[in-house]
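Coordinate inspection notes
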Amino acid sequence: SGKRYPIMLTLLKRLQMEDLEGKNVILLGDFNAQKTSDNASKLARQGSEYIKLIENNRFVEILKDEKKEPIETYYDSKNNAFRYDHIFFRKGSTNNFNVLIKKYLPEVNEDKNKWISDHRGIMIEVTGGVIEDTYNDI
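Worth saying up front: this structure is predicted, and the values here are computed from it rather than measured.

**Examining the overall build of the protein**
Check the secondary structure of the protein and you find 2 helices and 7 strands. In the protein, the succession of helices and strands from N to C terminus is α-β-α-β-β-β-β-β-β. For the protein, the residues scored as buried account for 35% of the 138 residues in total. Relative to all contacts within the protein whose residues are 6 or more apart in sequence, the contacts with residues 24 or more apart total 68%. Total accessible area on the protein is roughly 8,900 Å²; 50% of this is exposed by carbon and sulfur atoms.

Here it is, written out as structure tokens:
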């Protein structure tokens, strides 16, 4: 529901706090939002505004494919596909830190009736640094 967006704005305020400056930050999850609103619901379009706010705070979305085209991660009951799950990265002062998407699970061509969820998982690889445990401060 649209009730999630005030919570998301609280998270965004936390990400802007001084103690996270200069630190590598990975932000990932089900945002129930996509950048384009061609076939998105009203709530998803509202969520796309939130994604813009994240990107305005120096976060870059991590995409797997070379063309940098969105890969669908959610399928509704009519099998319409959307990109509602995202991984954003804001590079800190550690220059060699990197985040890559390894793969999406399950594969799209697998029988969707056997999926555990209507969302696909995203496996990432983090290299070159350490992420500090700051979630207890939120």
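**Things to note about the packing of aromatic side chains**
As enumerated under the stated definition, the model contains 7 aromatic pairs in all. With a centroid separation of 5.5 Å and an interplanar angle of 90°, the aromatic rings of Phe 31 and Phe 88 are classed as edge-to-face. Linking Phe 31 in the loop between strand S1 (25-30) and helix H2 (42-56) with Phe 88 in strand S5 (residues 85-90), this pair joins segments that are 57 residues apart in sequence. Grouping residues by exposure puts Phe 31 and Phe 88 together as buried. Each ring, one from Tyr 74 and one from Phe 82, has its centre 6.1 Å from the other, and the planes form 35°; the classification is tilted. Accessibility expressed as a relative area gives 18% for Tyr 74, which makes it buried. Judged by its relative accessible area of 8%, Phe 82 falls in the buried class. Over the face of the ring belonging to Tyr 75 we find Lys 112, whose NZ or CZ atom lies 4.7 Å from the ring centre.

**Considering the sheet that holds S5**
Spatially, the 3 strands line up as an open sheet ordered S1-S5-S2, and their pairing is antiparallel. With one partner strand each, in any of the chains shown, S1 and strand S2 (60-61) form the two edges of the open sheet.

**Considerations on unusual backbone geometry**
Geometrically, the link from Leu 105 to Pro 106 is a cis peptide bond, its omega value of -5° lying close to zero. Along the chain, Pro 106 turns up in the loop between strand S6 (98-105) and strand S7 (121-127). A positive phi is found at Arg 58, a non-glycine position, where the angle reads about 70°. The topology assignment puts Arg 58 in the loop between H2 and S2. Phi at Asn 79 is positive, roughly 70°, even though this residue is not glycine.

**Some words on the nonpolar core**
Within the largest apolar cluster, 14 residues are counted, with the highest numbers of intra-cluster contacts made by Leu 15, Leu 27, Phe 31, Tyr 50, Ile 54, Phe 59 and Phe 88. Those elements that place two or more of their residues in this core are helix H1 (4-15), S1 and H2. A per-element tally of this core places H1 first, with 4 residues. Among residues more than four places away in sequence, those in contact with Phe 59 are Leu 15, Val 25, Leu 27, Ile 54, Phe 88, Phe 89 and Arg 90. Membership of the second largest hydrophobic core comes to 9 residues, among which are Ile 62, Val 99, Ile 101 and Tyr 104.

**Brief notes about the pattern of salt bridges**
Scanning the entire structure with this criterion turns up 5 salt bridges. Residue Glu 61 is joined to Arg 83 by a salt bridge in which the shortest nitrogen-to-oxygen separation is 3.1 Å. Remark: Arg 83 occurs in the loop between strand S4 (81-82) and S5 and Glu 61 occurs in strand S2; sequence separation between them is 22 residues. For Glu 61, a relative accessible area of 11% translates into the label buried. With its nearest N and O atoms 3.9 Å apart, the salt bridge here joins Lys 102 to Glu 125. One end of the pair, Lys 102, is in strand S6; the other, Glu 125, is in strand S7, with 23 residues separating them in the sequence. For Lys 102, a relative accessible area of 41% puts it in the partly exposed group.

Rules used in this analysis
Residues numbered from 1 in each chain as written. Predicted model: local features only at pLDDT ≥ 70, side-chain atom pairs only at ≥ 80, totals over all residues. Heavy atoms only, no water. Helix = DSSP H or I, 4+ residues; strand = E, 2+ residues; numbered from the N terminus. Buried < 20%, exposed > 50% of the residue type's maximum accessible area, 1.4 Å probe, protein only. Contact = heavy atoms within 4.5 Å. Areas by Shrake-Rupley, 256 points an atom, 1.4 Å probe, with all protein chains shown as cover. Phe/Tyr/Trp six-rings, centres within 6.5 Å; stacked < 30°, edge-to-face > 60°. Lys NZ or Arg CZ within 6 Å of the ring centre and 35° of its normal. Pairing = 2+ DSSP bridges. Core = buried A, V, L, I, M, F, W, Y, C linked by side-chain atoms within 4.5 Å. Salt bridge = Lys/Arg side-chain N within 4 Å of Asp/Glu carboxyl O.

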